[in-house]
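# Coordinates in review
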Amino acid sequence: MDDLLGTNVNASELWDQALALIMTYAPKFVLAIITLVIGLWLINRFVAVLDKKLGAKDPTLNKFLCGLISAVFKVMLLISVASMIGIATTSFIAVIGAAGLAIGLALQGSLANFAGGVLILIFKPFKVGDTIEAQGFLGAVAEIQILYTVVNTFDNRRIVIPNGSLSNATLVNVSIYDKRRCDMTFGIGYGDDIDKAKAILQRLFDEDERSLKDPEPRICVAGLGDNSVDLMFRAWVATDDLWPYYWDMHEKVKKAFDAEGITIPFPQREVHVYKTE
């Protein structure tokens, strides 16, 4: 009987202690959950508004900065929620620091990409909207994120390039200047009139509205090949007109040379057949 009474007393004490703990920590836990949910919502709203406002002014910086601010605010929110539950903030920060060190050692490449993104934003070798050639790809920069830069190629492919590679390797920015030189070479026969061919090229240049008069075009003999006299044709055009101008001019030159009797030689091979009995 005494054993049963002692057991009931112990169970009652345990229940009282459990109830006391629930009454003490349940409100804190519920408040922490509410704070976490509302905090995440506010952070996401703030980042969305910042992305919209900053994106209209500086589309190069907004993705990187918004991602960084979101990560910092969420870490601060997590620390605040932990302190509300009763976890010692100093110990929690120490744990986060140790975990951060371990993760940093494991993710050295990602840290290099982060540093590369910072360097890109500081020195600005390119910006969103520029056309660059890097890592074997040519395309327009769509986003500069915390770790990666997104490039859309002209054949509609999405390329994700690590920022570390972009900041430490050679890249070509073909959009930084508003005009570019279009280099073309046309071969004519050794029996053709060089001055006539050059006059045709000059006429085609003058007739095309995309041709820029300053700097002046350069038309000259670039070399004497095995089968042709090579004429170098260098014309300046707006950057956006470079490739359309290049393709159109080749077609125009072929038609004009044919109409004016200028030959465009091509390699030929003579085959001699000997009949033996």
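Given the structure is predicted, the values throughout are model-derived calculations rather than measurements.

## A few points about the overall build of the chain
When helices and strands are counted, the chain shows seven helices and eight strands. Taking all 277 residues of the chain together, the buried fraction comes to 27%. Partitioning the intrachain contacts of the chain with sequence separation of at least 6 by distance along the chain shows that 61% fall at a separation of at least 24. Summed over all atoms, the accessible surface of the chain reaches about 18,500 Å², with 62% contributed by carbon and sulfur.

## Some details on the sheet that holds strand β1 (residues 131–134)
The strand order across the open sheet formed by five strands is β4-β3-β2-β1-β5, and the pairing between neighbours is antiparallel. Among the strands making up the open sheet, the edge pair consists of β4 (158–162) and β5 (172–173). One ladder, built from five bridges, connects strand β3 (residues 148–153) with β4; its direction is antiparallel. The residue of β4 that forms the bridge with V150 is V160.

## Thoughts on the layout of surface pockets
Approximately 330 Å³ is the volume attributed to the second largest pocket. In terms of lining residues, the second largest pocket is bounded by 16 residues, among which T131, V174, R180, T239 and W243 are the most central. Residue assignment for the lining of the second largest pocket shows that the elements contributing at least two residues are β1 and α7 (242–260). At four residues, α7 tops the list of elements feeding residues into the lining of the second largest pocket. In terms of residue class, the lining of the second largest pocket is built from nine nonpolar, three polar and four charged.

## Let's talk about the sheet that holds strand β6 (residues 179–188)
Sheet strands pair via backbone hydrogen bonds, and the direction of the pair is either parallel or antiparallel. Spatial strand order, β6-β8-β7: three strands in an open sheet with antiparallel pairing. Because the sheet does not close on itself, it has two edges, and the strands there are β6 and β7 (218–224). Strand-to-strand twist of the sheet, defined as the mean angle between neighbouring strand axes without regard to direction, takes the value 25°. Looking at chain direction, β7 and strand β8 (residues 229–238) are connected through six bridges and run antiparallel.

Scoring rules and cut-offs
- Residues numbered from 1 in each chain as written.
- Predicted model: local features only at pLDDT ≥ 70, side-chain atom pairs only at ≥ 80, totals over all residues.
- Heavy atoms only, no water.
- Helix = DSSP H or I, 4+ residues; strand = E, 2+ residues; numbered from the N terminus.
- Buried < 20%, exposed > 50% of the residue type's maximum accessible area, 1.4 Å probe, protein only.
- Contact = heavy atoms within 4.5 Å.
- Areas by Shrake-Rupley, 256 points an atom, 1.4 Å probe, with all protein chains shown as cover.
- Pairing = 2+ DSSP bridges.
- 1 Å grid on protein atoms, 1.4 Å probe; cavity = no way out; pocket = protein on both sides within 12 Å on 5 of 7 lines; lining within 4 Å.
- Points joined across faces, edges and corners; volume = space filled by probe spheres on them.
- Nonpolar A, V, L, I, M, F, W, Y, C, P; charged D, E, K, R; others polar.
- Axes fitted to C-alpha atoms, helices over the stretch in contact; angles between N-to-C directions.

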